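# Reading the structure
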Amino acid sequence: LGAAGKDNIGQATCRALIAAGARVIAAGRNEAVLRDFADQSGAGWAGCDITNKEAVDQLFEETLEREGRVNIAVNATGWGLL
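Anyway, here's the lowdown on the structure attached to this text. (Residues numbered from 1 in each chain as written. Predicted model: local features only at pLDDT ≥ 70, side-chain atom pairs only at ≥ 80, totals over all residues. Heavy atoms only, no water.)

Next up on the list: the packing of helix α1 (residues 9–19) against helix α2 (residues 31–41). Axis separation between α1 and α2 bottoms out at 11 Å; the angle between their running directions is 25 degrees. The orientation of α1 relative to α2 falls into the category roughly parallel. By crossing handedness, the relation of α1 to α2 is classed as right-handed. Each of Q11, C14, R15 and I18 in α1 lies in contact with α2, whose residues at this interface are V33, F37, Q40 and S41. Among the residues forming the contact of α1 with α2, the class breakdown is four nonpolar, three polar and one charged. (Axes fitted to C-alpha atoms, helices over the stretch in contact; angles between N-to-C directions. Helix = DSSP H or I, 4+ residues; strand = E, 2+ residues; numbered from the N terminus. Parallel < 35°, antiparallel > 145°, perpendicular 65-115°, else oblique. Left-handed = near helix turned anticlockwise from the far one by under 90°. Contact = heavy atoms within 4.5 Å. Nonpolar A, V, L, I, M, F, W, Y, C, P; charged D, E, K, R; others polar.)

Here you go:
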């Protein structure tokens, strides 16, 4: 999920899922922001260009290997067009 932006909907979604008891892996391109977010929220993190299907497929494979399953996947990335 796109959580590499500061205080974005991806991070808010991660916080809500964590508060509900979920184990969360926040993903995005800005690894420095992800590390900071993970430190403050308790989420795991993974650097991933989530606009690239192959990168997302690899992230899922790695997550399945490490965690055993993925119950929820949220795509909260995007950019506005004016």
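Moving on to the environment of L64. Residue placement: L64 occurs in helix α3 (residues 53–67). Not counting chain neighbours up to four residues away, the residues in contact with L64 comprise R69 and V70.

What follows is about the pattern of salt bridges. By the definition in use, this model includes three salt bridges. The partner of E67 in a salt bridge is R23, with the nearest N and O atoms 2.7 Å apart. Placement of E67 in helix α3 and of R23 in the loop between α1 and β1 (25–28) is noted, with a sequence separation of 44 residues between them. On the basis of relative accessibility, which here comes to 71%, the residue R23 falls in the exposed class. A salt bridge links E67 to R66, with the shortest nitrogen-to-oxygen separation between them at 3.8 Å. R66 sits in the exposed class, given a relative accessible area of 51%. The network of salt bridges with common partners includes R23, R66 and E67. (Salt bridge = Lys/Arg side-chain N within 4 Å of Asp/Glu carboxyl O. Buried < 20%, exposed > 50% of the residue type's maximum accessible area, 1.4 Å probe, protein only.)

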